[in-house]
Amino acid sequence: MGTVEDLKPIFSPKSIAVIGASRSPMKIGYEILQNILVQGYTGKVYPINPETPTIMGLKTQPSVLAVKDDIDLAIIAVPAEFVPKVMTECAKKKVKGVIVISSGFSETGEKGKLLEEEVLQIARKGGIRLIGPNTLGYKDPIDNLDAAFVFGMPRPGEIALISQSGALCIGMIYYANGEHIGLSRVISVGNKADVDDADLIDYLDNDPSTKVIAMYIEGIKDGKKFLDSARRCQKPIVAIKAGRTPAGSAAASTHTGSFSGSDAVYDSAFKQVHIQRAYDVIELFDFARALAYQPPTLSNKVGIISNGGGAGIMIADWCESIGLKVPNLSKKTVEALRPHLPSITTARNPLDVAGDARFYRYHATGSIMLSDPNVDALIMTCVHAGIARPREYVGAVIKLVEEKRNLKKPIVACWVGGPEVDEVVQELRVKNIPVYPSAMRAAKAVRCLYDEGRRLEILTKKRQPKDNSGN
Ligand code: ACO
């Protein structure tokens, strides 16, 4: 069986056993069972606990061996020293996949490493795929399955998130929820004893609900396997690789037992396989949102519209400093723009549409800029400016995005102006239009779409049959 088939019982289980389901609301085994039930999981659920006959109204079993039906997935939340015993029972029961939530393995030192190896060997011999140990589990907002502890689900969407850190994973879910960024699958991988990033890239590449794969990585054990999966992957991958410095690297080894490795090696490997590197959570989601909801750019030529000269200049600086171009507009574009501009402004790129710009000025200038053959991406900016009409700016951006889809030129929004503007631009987030409160973030998002365009170009060339005619 290939990885995708292997992982189906874990991610689309027909039945789940929770080993260590607890009577105490303070315990992780209680939370996992509760979360599965709260989300309305429709398969069979078996709480396993030898100490009590029922939990949350469900009959318990003392061990998986006492369950009559087949079990696709077992979620294990008993102290580390008992994990080999319950894993052996899972192997006997022919459970197909397990998630080991328990910590106390390779992240704790030599003794923990041996225990992790023992658990891995039981899994391998029993033909069981294993996520963890030392993991939060996973949350699936598309199929409404919460197989993790910690309450709360992501908004459903098209960005898959793989995280080596459990706590950060939850933080990222809540951040994405606040930003109206929807997620397809969220998987906490923990120590990656068996199922690793490469397996999950393969799995998510085949997942019709996922458009972009976002990752938080502390260390990768099998570099070749990872690079092969990333190279094969048809979807864009954005990744944070943490543990870049001696201090970060030392912290990663006690967090998930990871060996962070040389940052320069990771950097060049990511470049080789076109993984876009992000350096913090905000950047990870900035890039992922742009990649999921705007087309890649055909070239690095960017048009900039702003109702504040300063913002336009800063965006132009950022674009040029990260390898994008802010080209001169064609003569035809300049002539077409003039009638829409107040006499105080000049028809050029970056274009200052003046502080009092309303819907029609934004919409008309945006439309004209996008028709210019020298422009392959557009950054539309609103500065509070006192007299600005952010609501009309938002309306113009939404209309342009909807009308100009066929042009395949990305449109990214940018704003400056505190909570009053933030509240209004929320409408853009709700509509999945990338919107950033800084020149740097908007320019970097366009750069990321430019890099995605180059990745796709290379992929297409590789797929084209070789011309043997000598032409
Ligand atoms: N089979 C089934 N149930 C059992 C078994 C068994 N063999 N043995 C014990 N149980 C029951 C217990 O009776 C208990 O139920 P009860 O509360 O109703 O009596 C339940 O299982 C839990 O067992 P406890 O011994 O009470 O264990 P506890 O809940 O205190 O801790 C846990 C278990 C949560 C797995 C803990 O050992 C642990 O590892 N905690 C950390 C988890 C974690 O942080 N994971 C990583 C997060 S992601 C990251 O940060 C990278």
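Residues numbered from 1 in each chain as written. Predicted model: local features only at pLDDT ≥ 70, side-chain atom pairs only at ≥ 80, totals over all residues. Heavy atoms only, no water.

A. Just the overall build of the protein, in detail. A count of helical and extended segments in the protein gives 16 helices and 19 strands. The C-alpha radius of gyration computed for the protein amounts to 25 Å, which stays within 12% of the reference 23 Å derived for 471 residues, consistent with globular compactness. In terms of overall dimensions, the protein has C-alpha extents of about 80 × 60 × 45 Å along its principal axes. Counting every position in the protein, which comprises 471 residues, the buried fraction comes to 59%. Considering only residue pairs separated by 6 or more positions, the protein has 73% of its internal contacts joining residues 24 or more positions apart. Of the roughly 20,200 Å² that the protein leaves accessible, carbon and sulfur atoms contribute 55%. In the protein, 59 side chains carry a positive charge and 52 a negative one; their mean positions are 3 Å apart. (Helix = DSSP H or I, 4+ residues; strand = E, 2+ residues; numbered from the N terminus. Rg over C-alpha atoms; globule rule 2.2 N^0.38 Å. Buried < 20%, exposed > 50% of the residue type's maximum accessible area, 1.4 Å probe, protein only. Contact = heavy atoms within 4.5 Å. Areas by Shrake-Rupley, 256 points an atom, 1.4 Å probe, with all protein chains shown as cover. Lys, Arg positive; Asp, Glu negative; His and termini not counted. Charge placed at Lys NZ, Arg CZ, Asp CG, Glu CD.)

B. Broad picture of the site of the ligand. The environment of the ligand is formed by 24 residues, the closest being Ser22, Arg23, Lys27, Ile101 and Ser103. Ile101 places a polar main-chain atom, nitrogen or oxygen, 2.9 Å from a nitrogen atom of the ligand. The pocket occupied by the ligand, as judged from atoms lying within 2 Å of grid points, is the largest pocket. (Near = heavy atom within 4 Å. Polar contact = N/O pair within 3.5 Å; in protein donor to acceptor, adjacent residues only side chain to side chain. 1 Å grid on protein atoms, 1.4 Å probe; cavity = no way out; pocket = protein on both sides within 12 Å on 5 of 7 lines; lining within 4 Å. Sits in = over half its atoms within 2 Å of the grid points.)

C. Structural context of unusual backbone geometry. Looking along the chain, the bond that leaves Gly132 and enters Pro133 is cis, with omega of -5°. Along the polypeptide, Pro133 turns up in the loop between β7 (129-131) and β8 (137-140). At the junction of Asn349 and Pro350, the peptide bond is cis and its omega measures out at 0° in the coordinates. Within the secondary structure layout, Pro350 lies in the loop between α12 (331-337) and β16 (351-352). A positive phi angle, near 55°, is found at Asn144, a position not held by glycine. Within the secondary structure layout, Asn144 lies in the loop between β8 and β9 (145-148). Its relative accessible area of 39% is what places Asn144 among the partly exposed residues. Even without a glycine there, the phi angle at His180 is positive, about 60°.

Shape descriptors only; they carry no functional weight alone.
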